[in-house]
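# Descriptive structure summary
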Amino acid sequence: MNNNDKHINDILRRKFQGFEVTPPPEVWENIEKELDKPSFFSSKSGYITIIALLILIVPLSYFGTDNTSKHKTFNAQMAQLNVARNAIGVSAVDEKGVSTEEYVKPANGAKNIGQALEITETYKSRGNAIAVVIAKSVDSEESRSQIEVVENKGDATINKFIDLKQGFDISKPSQMLPLRSLSLSNTSIDLSDLPLAFDDEILKTLSESQKKKTFWEYSILLSPEFSLNDMDSVRALNSISAGLEPTKYLNKHWFVRSGINISFTGDKGFAKVDYISNDLMGTYDDVYDVTFDTAGGVVTPVYHTKTVEVWDSVRHIKVSEVTNRYLYAQVPVLLGYKSAVGNFNIYLFAGPAVGFQLAKWIDTPLSNSEGLEIINLDNRLPVRSNVNFQLWIGGGLEYNISKRYSLVMEPAFKHYFKSLYSDSEYKINTSGFALRFGVNIKIGK
Amino acid sequence: MKIDKAFINKLQKRDKKTQQSFYDTVSAKMYGVCLRFANSGDDANDILQEGFIRVFRHIDAYRGDGSFEGWVRRTIVNTAINYYEKEKKRGYKVDLEYVKKDYVTSESAIEKLSFNELLAIIRELPNGYRTVFNLNVIDGYTHKEIGAMLGISENTSKSQLSRARLAIQKRLSEIKEKENLE
């Protein structure tokens, strides 16, 4: 930089640096409006994230409700039990001076029969007065439940412990039904026969829908997907996806499966780049003046030079390979049929799926080369659409490694209804073959 | 208005009155910066708006190192750079000078020009040239710093500045010739 440039720079700096201009008032109004907006919800990705979370949470919460509903049913039955007991007069018990503690006492007394019992529920009544305590053995691997009946005759309290039949599960509301009916029907009934009648009574009280076994299964799947189509200069790359798909079994065979798969995919193609490299080629000394000195009668020329930098400002044209990459959330809704063969299950499934684009990385040719000035960029690689629709058809082989876990392998064919690309020149329905591997976790069976 | 630690704390708590007061104090200065970097008044408005939203939303990123106004200025400059980043990826539309001419620019010619006239000349520059010119000549960043900010090499920064300077000198010469003819 010569002195003239330096002086001009100083003048420009001085002129511009202290310059102030009052902005139009609408700028502040817009800033205020933007600041009042919740930034997350104002973005497209925010909405997509919410939809994705809902897709995940709704089935999970449904499963959670399933558990809760058991408790609700259980508690509802016990509430009925209490209502019935109240009807026969808990207050009367109090009037007789029998405190709540005395009713709970038999539960503690349960330990006296030589077992460590975990008291799970205590219900009070009057039987001539009855208290029912449900206790579960904790010192034995074998689950053992007891009903304790307390009869209150005058000042005397009689405790009865009745072992329930093996396999009786107090967490299953259906198995409480006989207990409820017994408690409601007669407060002074001899309950010692109760366990013997259990099975028949349970079956009688269960509705057809209750007898059907319905349960949830969660599939965690990893899948490479191989593209089956190429178009001219565009090559759809193989993709990889990972997903969580909850499955609801409608009965022993039929199931409905949905969930979310995050898929990473891409395309390869070409772009024509017109650029200037801006490379510093070198320098030379430019003679801008010649003067002559005379010394001792000899004339000597003096060359005044300045250093000139030479830059590569020639335009280059290059065809460069580009790769665009995308992240999609795929949400399938599949209907399937499963059948057991020994320790294996085989199944078929089909259904639509929708893919939402979460992110995209559009390649810039020669982006790794520093200092390039791109004059014109003709990217021939089309960009994928934000949303795509697919049909999935597939089968699966499942190997049960335990009652809860199984390994699965699912070959699946995916057909894209709508063209993957928004560019009208690339309207072509593509297909892919996916091989899905993963683990199924059964819950609630 | 004094911009001290207590004031910045209020800004960090998103106090609306403090935000407006701060905007009223520094917006004119920052708008001057935006006008230099933008190639139109509308773009300058957008950059100022986007820049202040960034300042208010990311104010927690200010750690107290250096002056607060400097941090805000840097945020506004970065916003301006990002504003034209997309355009940069599509490529500059530049009429390139293949033969370097020498334009003699006198200091007095520049001194005579008003701010608006100078601004108009700078706005005529392609985005890349204008950005490097602003960052180097007015804001005093080195070519190395500019290279890091714009993701270009030091040599490219020098080259862009050289071309920017040439374009300004050419424009000044044209103005001078026009005045002489009149």
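Residues numbered from 1 in each chain as written. Chains lettered and ligands numbered in written order. Predicted model: local features only at pLDDT ≥ 70, side-chain atom pairs only at ≥ 80, totals over all residues.

## Details of the overall build of chain A
Along the backbone of chain A there are 8 helices and 18 strands. In chain A, 65% of the contacts between residues at least 6 apart in sequence involve partners at least 24 apart. (Helix = DSSP H or I, 4+ residues; strand = E, 2+ residues; numbered from the N terminus. Contact = placed C-beta atoms within 7 Å.)

## A few points about the overall build of chain B
When its secondary structure is counted, chain B shows 10 helices and 0 strands. The order of helices and strands in chain B, counted from the N terminus, is α-α-α-α-α-α-α-α-α-α. Taken over 182 residues, chain B has a buried fraction of 37%. Considering only contacts in chain B between residues 6 or more positions apart, those separated by 24 or more positions represent 66%. (Buried ≥ 20, exposed ≤ 12 C-beta atoms within 10 Å, placed from the backbone.)

## Here we look at the interface of chain B and chain A
Taken together, the contact pairs 36 residues of chain B with 35 residues of chain A. For the side of chain B that touches chain A, the secondary-structure elements that each account for two or more residues are α2 (16-37), α3 (41-57), α5 (85-90), α6 (107-112), α7 (115-124), α8 (127-138) and α10 (154-181) of chain B. In terms of residue count, α2 of chain B provides more of the side of chain B that touches chain A than any other element does, 8 residues in total. Looking at the side of chain B that touches chain A residue by residue, the classes come out as 18 nonpolar, 10 polar and 8 charged. (Nonpolar A, V, L, I, M, F, W, Y, C, P; charged D, E, K, R; others polar.)

## Side note on the environment of Lys 442 of chain A
Residues and elements named next belong to chain A. Summarising the element assignment, Lys 442 is placed in strand β18 (residues 431-443). By the C-beta count within 10 Å, which is 17 here, Lys 442 ends up partly exposed. Separated by 226 residues in the primary sequence, Lys 442 and Trp 216 have C-alpha atoms spaced 6.0 Å apart.

## Let's talk about the nonpolar core
General note: in soluble globular proteins, nonpolar side chains tend to be found buried as a group. The biggest cluster of nonpolar side chains holds 26 residues, and the ones touching the most others in it are Cys 34, Ile 47, Leu 48 and Ala 80 of chain B. Of all elements in the fold, only α2 (25-36) of chain A together with α2, α3 and α4 (68-83) of chain B reach the threshold of two or more residues within this core. At 8 residues, α2 of chain B tops the list of elements feeding residues into this core. If we ignore the near neighbours within four places in the chain, the residues touching Cys 34 of chain B are Ala 44, Ile 47, Leu 48, Ile 76 and Ala 80 of chain B. Judged by nonpolar contacts, the second largest core, of 17 residues, contains Leu 12 of chain A together with Ile 122, Leu 125 and Phe 133 of chain B. (Core = buried A, V, L, I, M, F, W, Y, C linked by C-beta atoms within 7 Å.)

## Concerning the packing of α3 of chain B against α4 of chain B
All names here are of chain B. Where α3 contacts α4, the axes come no closer than 9 Å and their chain directions differ by 130 degrees. As far as their axial angle goes, α4 and α3 are oblique. For the crossing formed where α3 meets α4, the hand is right-handed. Counted together, Asp 43, Asp 46, Ile 47, Glu 50, Gly 51, Arg 54 and Val 55 of α3 and Val 72, Thr 75, Ile 76, Thr 79, Ala 80 and Tyr 83 of α4 form the full contact between these two elements. (Axes fitted to C-alpha atoms, helices over the stretch in contact; angles between N-to-C directions. Parallel < 35°, antiparallel > 145°, perpendicular 65-115°, else oblique. Left-handed = near helix turned anticlockwise from the far one by under 90°.)

## Focus on the pairing of strand β8 (residues 239-249) of chain A
Residue and element names in this part refer to chain A. In this sheet, β8 lies alongside strand β5 (residues 216-227) in antiparallel orientation, the contact comprising 10 bridges. What sits directly across from Ser 223, in β8, is Ser 241. Note that β8 and strand β10 (residues 260-276) share 5 bridges and pair antiparallel. Note on β10: the bridge partner recorded for Ile 240 is Phe 264. The antiparallel pairing of β8 with strand β9 (residues 254-258) creates a hairpin that spans 4 residues between the two strands. (Pairing = 2+ DSSP bridges.)

## Observations regarding the packing of α2 of chain A against α3 of chain B
Packing of α2 of chain A against α3 of chain B brings their axes to within 9 Å, and their N-to-C directions diverge by 40 degrees. In terms of orientation, α2 of chain A and α3 of chain B fall into the oblique class. Along this stretch, α2 of chain A crosses α3 of chain B, giving a crossing that reads as right-handed. Facing α2 of chain A, whose interface residues are Val 27, Asn 30, Ile 31, Glu 34 and Leu 35 of chain A, α3 of chain B presents Asn 45, Leu 48, Gln 49, Phe 52, Ile 53 and Phe 56 of chain B. Its residues assigned to classes, the contact of α2 of chain A with α3 of chain B shows 7 nonpolar, 3 polar and 1 charged.

## Some thoughts on the confidence of the model for chain B
All names here are of chain B. Per-residue confidence for chain B averages 80 on the pLDDT scale, and 85% of its residues sit at or above 70. Within the model, the stretch residues 89-102 combines pLDDT values under 50 with 17 contacts to residues more than four positions away or in other chains. Both confidence scores are given for the complex: pTM 0.41, ipTM 0.81. (pLDDT = per-residue confidence, 0-100.)

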